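Remarks on the overall topology
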Amino acid sequence: MQRPRLPDQRRDKKSFEMGTSVIPAKESSAAGGEGTDAFRTAPPEVESSSDEIAAFDPHAVESPSRESVEPEATPRTTPVQSAKASSTPELDDLEEFIAKTATEGRVTEKVEKVRRPFTLLEKICSAAGAAVLITSAVWLVSSATSEANGIKQASTPWPDLPIEGSLVTVSDASASWRKRAATDRVAQMEIILPVPGQYMPEVIPQVNFTIDGSKSTTGYLRFIFKDTTGKPQGDTRVIQVEGGKLKDLSKGEIIKGGTEGSIYCSYGLLNIAAYRSYEGDDKPRWSVEVSESSDYNADDKDWDILGTFNVRNLLAE
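Our subject in this report is the structure included herewith. (Residues numbered from 1 in each chain as written. Predicted model: local features only at pLDDT ≥ 70, side-chain atom pairs only at ≥ 80, totals over all residues. Heavy atoms only, no water.)

Before going further, it helps to spend a moment on the overall build of the chain. Looking only at helices and strands, one finds 7 helices and 13 strands in the chain. Out of the 317 residues in the chain, the part that is buried amounts to 24%. For the chain, the proportion of contacts with a sequence separation of at least 24, taken over those separated by at least 6, is 63%. As displayed, the chain has an accessible area near 24,100 Å², and 56% of this comes from carbon and sulfur atoms. (Helix = DSSP H or I, 4+ residues; strand = E, 2+ residues; numbered from the N terminus. Buried < 20%, exposed > 50% of the residue type's maximum accessible area, 1.4 Å probe, protein only. Contact = heavy atoms within 4.5 Å. Areas by Shrake-Rupley, 256 points an atom, 1.4 Å probe, with all protein chains shown as cover.)

To continue, consider the sheet that holds strand S8 (residues 245–247). If you trace the 5 strands from one edge of the open sheet to the other, you get S8-S7-S6-S11-S12, paired in antiparallel fashion. Of all strands in the sheet, those bounded by a partner on one side alone are S8 and strand S12 (304–310). Averaged over all adjacent pairs, the angle separating strand axes in this sheet is 25°, with direction ignored. In this structure, strand S11 (residues 287–293) lies alongside S12, joined through 6 bridges in antiparallel fashion. By the bridge assignment, Val290 is partnered in S12 with Gly307. (Pairing = 2+ DSSP bridges. Axes fitted to C-alpha atoms, helices over the stretch in contact; angles between N-to-C directions.)

A cluster of nonpolar side chains, namely Leu94, Phe97 and Ile98, defines an oily patch on the protein surface of about 320 Å² accessible area. Mapped onto the secondary structure, Leu94 falls in helix H5 (residues 89–104). (Patch = residues over 30% accessible without salt bridge, like charges linked within 9 Å, V, L, I, M, F, W, Y side chains within 5 Å. Salt bridge = Lys/Arg side-chain N within 4 Å of Asp/Glu carboxyl O.)

Before going further, it helps to examine the pattern of salt bridges. Under the defined criterion, the tally for this structure stands at 8 salt bridges. Between Arg222 and Asp300 there is a salt bridge whose closest N-O contact spans 3.3 Å. One end of the pair, Arg222, is in strand S6 (residues 219–226); the other, Asp300, is in the loop between S11 and S12, with 78 residues separating them in the sequence. Note that Asp281 and Arg285 form a salt bridge whose closest N and O atoms lie 2.7 Å from each other. Classification of Asp281 as partly exposed rests on a relative accessible area of 27%. Three or more residues are tied together by salt bridges with common partners; here these are Arg222, Lys226, Glu289 and Asp300.

Ranked by size, the top nonpolar core spans 29 residues in total, and within it Trp177, Phe209, Leu221, Phe223 and Phe309 carry the most contacts. If you list the elements that add at least two residues to this core, you get strand S2 (169–179), strand S5 (203–211), S6, strand S7 (232–242), helix H7 (272–280), S11 and S12. Beyond its immediate chain neighbours, meaning those up to four positions away, Trp177 contacts Val203, Ile204, Pro205, Leu269, Tyr275, Tyr278, Trp286, Val311, Arg312, Leu314, Leu315 and Ala316. (Core = buried A, V, L, I, M, F, W, Y, C linked by side-chain atoms within 4.5 Å.)

This next bit is on the pairing of strand S10 (residues 260–264). Across the 5 residues that make up S10, a large majority, 4, are buried. As paired strands, strand S9 (residues 253–255) and S10 are joined by 3 bridges and run antiparallel to one another. The residue bridging Ile254 from the neighbouring strand is Ser262, located in S10. Here S9 folds back onto S10 in antiparallel fashion, the turn holding 4 residues.

Once that is clear, we can look at the pairing of S6. Consecutive residues of a regular strand have side chains that alternate between opposite faces of the sheet. With respect to burial, S6 is a largely interior element, 8 of its 8 residues being buried. Taking every second residue as pointing to the same face, both faces of S6 are buried, with Gly219, Leu221, Phe223 and Phe225 on one and Tyr220, Arg222, Ile224 and Lys226 on the other. Examined bridge by bridge, S6 and S7 share 7 bridges and lie antiparallel to one another. By the bridge assignment for S7, Phe225 is matched with Gln233.

Turning next to unusual backbone geometry. In the segment running from Leu161 into Pro162, the intervening peptide bond is cis, with an omega of -5°. Mapped onto the fold, Pro162 is located in the loop between helix H6 (120–150) and strand S1 (163–164).

As a further point, take the environment of Ile254. For Ile254, the location among the structural elements is in strand S9. Classification of Ile254 as partly exposed rests on a relative accessible area of 34%. A C-alpha to C-alpha distance of 8.6 Å links Ile254 and Tyr264, two positions 10 residues apart in sequence.

For the structure shown, the criterion picks out 6 aromatic pairs. Relative to Tyr296, the ring of Tyr220 has its centre 5.6 Å away and its plane inclined at 65°; by these criteria the two rings are edge-to-face. One end of the pair, Tyr220, is in strand S6; the other, Tyr296, is in the loop between S11 and S12, with 76 residues separating them in the sequence. Each residue in the set Trp177, Tyr275, Tyr278 and Trp286 is aromatic and connected to the rest through ring pairs, giving one cluster. One cation-aromatic arrangement involves Arg178 over Tyr264; the distance from NZ or CZ to the ring centre is 5.3 Å. Cation over ring: Arg285 sits above Tyr278, and NZ or CZ is 4.1 Å from the ring centre. (Phe/Tyr/Trp six-rings, centres within 6.5 Å; stacked < 30°, edge-to-face > 60°. Lys NZ or Arg CZ within 6 Å of the ring centre and 35° of its normal.)

What follows covers a negative patch on the surface. Negative charge collects at one region of the surface, where Asp92, Asp93, Glu95 and Glu96 lie side by side. Residue position: Glu95 is located in helix H5. On the accessibility criterion, Glu95 (37% relative accessible area) is partly exposed. (Lys, Arg positive; Asp, Glu negative; His and termini not counted. Charge placed at Lys NZ, Arg CZ, Asp CG, Glu CD.)

In structure tokens form, the structure reads like this:
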């Protein structure tokens, strides 16, 4: 007896995995298929004859090439490349700038600079500059030396008596101020204040001195008056000494005896008020320099300085 055939329940069964119904094998065959079910089955094996098996050479079988086996590789896109592909032109420029800056910031090899040779113009300029510097240095040294030599002797408040020289010896000397007399030979002074003009000085300095008459040599005494800055003022007075006696040359000297004399300056202070102002300030005092020489017309360097002393703050009436 033949068993009754149950209906195929797969006809209405849903596929929960794919979301579609499973097609039965009969329907698939009826639809023009090859009579296979939902899964493709392997093709039937073909049986080989004994002759083919005997003639089979395993070495003659070529293995399929890698290119035919492996599928064609598709280019992979990394997340960075995909981000670059989707970036805007501004971001591309920024990334390019950052990469360029990083490259330039790397430590590069130091290139040694080679100094080019000096040109003729550069050599001439260098030589001229060196010559100017040397000349300036020599001038400064000579100026300092000459200035130092110019200060021969500092002034003292009082004369160091006796003032002794090889030709003349001054046993006594003093310097003070006095009013100008009508017979005095003085020079005019150029005044700016209070009223500009030329004026005669009213107060002048004078030196009173006495020589030692024991010396019978002949020579000359020179007197130079200097102001508060050490600058000579007025005429230079020269007195001749012959045989231990003063000789009158009528050039501003006053001879009182054979060994006593006076010398006054042809320049001085404008008036009594100017003298009181000078007397009360703290500036250096006026001074007088005494020197000797055997020649009346001798150069300044040939005069031997015997001493320099101040003019006292004393106004003789």
